[in-house]
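Single-letter residue listing:
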Amino acid sequence: MNKPLQICICGGGSQGHISTGVIGSKNDCVVRVLTRRPSLWSREFVTVDLDGNEYHANIEAISDNPSDVIPQSDIILICLPGYALREELKKIKPFVRPDAIVGCAFGGSGFFIDLFDVFGEDAKGFALQRVPYTGRVREYGHSASLKGYKPYLKVATHNIGNPEELVSILRNWYSTPVYLLRHWLEVTLSNSNPLLHPCRMSVMFKDWTPGKEYDHIPYMYNTDWDDESSQCWIDCDNELHAIMAKLPMDKNEVPTVLEYYGCDSVESLTAKMQSIVPFKTVQAHMNPTGRGTFTIDSDIRYFTEDIPFGLILIKSFGELTGTPTPEIDKVIYWAQNIMGKEYLVDGKLNGRDIGECCVAKSKFCI
């Protein structure tokens, strides 16, 4: 009988919570958790989906010290936002076995670029093209709510001797088809969150000015989603695909927004975004003023991750390949003004705050 796989899940957000329950429920997996707040976690963990199905995990160990949970691990799965990836990789590096694989639940925040910078270009790594689940933390450290499954997943690997074996493992974890991609760029350049959230926010709050207050909190999707949001997303997606056409990857592995949602027009994409059940209750994150009004919250991941580790990353590949990105630039300018940052100046990524972003600089990237 094969020994159980030793898994370490890094991160205490929604993906880390959901993954702990689902992966930890597999009989052939032993799960450990690396988190900043281990005292708030229970060894008995459960993830519950919308149909009431429960995934129970017995967590082997929970720690904030990588020396406690990383050395035993065959696979380390990082479930963290882009701004936390590099520091997490630095933290775990001394304890990762030479034969271990380091992966990420979402590759579109620059995971592979950070992995190569920290571990070197010979690192053994993988990342998913889209997050495996939608859901939320239910009770921190104890349970999670799984709100949506993906019909399939795509994964890119680097320097893994038998990638098909990893694909088989992932199929077991996620109980869905998993397809192997040819190049790590096919998960690094994403038209999901890095385009979706900034495009939508820039349309919802296009009238923003410093100090502006709003009288209600709009829905991100539901009936508040409009054709202007669809058009912005499609326009930025077209620029992304123009960039990908100049890179050593198969751009067909990153379906256009219209292809992914089975749509053929701006109007049909709008109808689709309004109809997705798990999205219906999602509202924009805003701060109450105490006067019955609200202001934009620029400290949420739609800004702190999707701009410096998403849209800026895409723009940097545009610069490397000499591809114009006027629509993406408009969204960046809008976002950096709200954030009080300076990334893009005169159409170039040479602003004073660009050092805090994930950018593709090396010709290794192309």
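Quick caveat: nothing in here was measured; it's all calculated off a predicted structure.

Trainee: I keep staring at the sheet that holds strand β6 (residues 75-78) and nothing clicks. Help me out?
Mentor: The pairing of strands in a sheet comes from backbone hydrogen bonds and takes either a parallel or an antiparallel form. Taken together, the 8 strands give an open sheet; going across it, the order is β5-β2-β1-β6-β7-β8-β11-β12, and neighbouring strands pair in mixed fashion. Only two strands of the sheet have a single partner each, and these edge strands are β5 (61-63) and β12 (178-180). On average, adjacent strands in this sheet sit at an angle of 25 degrees to one another, irrespective of strand direction. The pairing of strand β1 (residues 5-10) with strand β2 (residues 29-34) spans 6 bridges and is classified as parallel. The residue of β2 that forms the bridge with cysteine 10 is leucine 34.

Trainee: For this particular structure, what's the right way to read the nonpolar core?
Mentor: Nonpolar side chains in soluble globular proteins tend to end up buried together. With 88 residues, the main nonpolar core has Ile76, Phe111, Trp233, Met273 and Phe317 as its most contacted residues. It is helix α12 (residues 307-321) that provides the largest number of residues to this core, a total of 8 residues. When sequence neighbours within four positions are dropped, the list of residues in contact with tryptophan 233 reads Asn191, Ser192, Leu195, Leu196, Cys199, Trp225, Val257, Tyr261, Leu269 and Met273. One finds Trp41, Leu128, Leu146 and Tyr174 within the second-largest nonpolar core, a separate group that totals 33 residues.

Trainee: Looking at this structure, I do not really get the side chain of arginine 130. What am I missing?
Mentor: Position of arginine 130 among the secondary structure elements: in the loop between β8 (125-128) and β9 (133-139). Buried arginine 130, no salt bridge; nearest opposite-charge side chain is aspartate 237, N-O distance 7.7 Å. Polar side-chain contacts of arginine 130 include one of 3.3 Å to the side chain of asparagine 191. Not counting the four nearest positions on each side in its chain, arginine 130 is found in contact with Ala105, Phe106, Lys150, Leu153, Asn191, Ser192 and Tyr260.

Trainee: Can you help me understand the packing of aromatic side chains in this one?
Mentor: Aromatic ring pairs are described here by two measures, namely the spacing of the ring centres and the angle between the planes. Applying the stated criterion across every chain, the model contains 16 aromatic pairs. Pairing tyrosine 133 with tyrosine 174 gives two aromatic rings, centres 5.6 Å apart and planes at 65 degrees, and the pair type is edge-to-face. Here the residue tyrosine 133 occupies a position in strand β9, and tyrosine 174 occupies one in helix α5 (residues 163-174), the gap between them amounting to 41 residues. For the pair formed by tyrosine 133 and tyrosine 174, the shared burial category is buried. Through pairs of rings, three or more aromatic residues link up here, namely Tyr221, Trp225, Trp233, Tyr260, Tyr261 and Phe279. When the ring centre of tyrosine 214 is taken as origin, the NZ or CZ atom of lysine 212, which lies over that ring, is 5.3 Å away.

What counts and how
- Every residue gets a number counted from 1 within its own chain, in the order that chain's sequence is written.
- Whole-chain, interface and lining totals are the exception, using all residues; otherwise, since this is a predicted model, local features are given only for residues with pLDDT of at least 70 and side-chain atom pairs are given and counted only at 80 or more.
- Hydrogens and water molecules were not included; the side-chain quantities draw on all heavy atoms of the structure.
- Strands are treated as partners if at least two bridges between them are detected by DSSP.
- Segments assigned H or I by DSSP are reported as helices when at least four residues long, segments assigned E as strands when at least two residues long, and all are numbered from the N terminus.
- In this description, a line fitted to the C-alpha atoms serves as the axis of each element, helices being fitted only across the stretch in contact, and the angle between N-to-C directions of two axes falls anywhere from 0 to 180 degrees.
- Residues grouped as a nonpolar core are buried Ala, Val, Leu, Ile, Met, Phe, Trp, Tyr and Cys residues, joined through side-chain atoms within 4.5 Å.
- Exposed residues in this analysis have more than 50% of their type's maximum accessible area, buried residues have under 20%, and partly exposed residues fall in between, with area computed by a 1.4 Å probe over protein chains only.
- In this analysis, two residues are considered to be in contact whenever any of their non-hydrogen atoms come within 4.5 Å of each other.
- Positive charges come from Lys and Arg, negative ones from Asp and Glu, while His and the chain ends are left out of the count.
- By convention in these notes, a salt bridge is any Lys or Arg side-chain nitrogen within 4 Å of a carboxyl oxygen on Asp or Glu.
- Think of a polar contact as two N or O atoms within 3.5 Å of one another; within protein, one of them needs to be a possible hydrogen donor and the other a possible acceptor, and neighboring residues in sequence only count if both atoms come from side chains.
- For Phe, Tyr and Trp, where Trp contributes only its six-membered ring, two rings pair if their centres lie within 6.5 Å, and the inter-plane angle classes them as stacked under 30 degrees, edge-to-face over 60, or tilted in between.
- Either the NZ atom of lysine or the CZ atom of arginine qualifies as a charge over a ring when it sits within 6 Å of the ring centre and within 35 degrees of the ring normal.

Nothing here speaks to function; it is all geometry.
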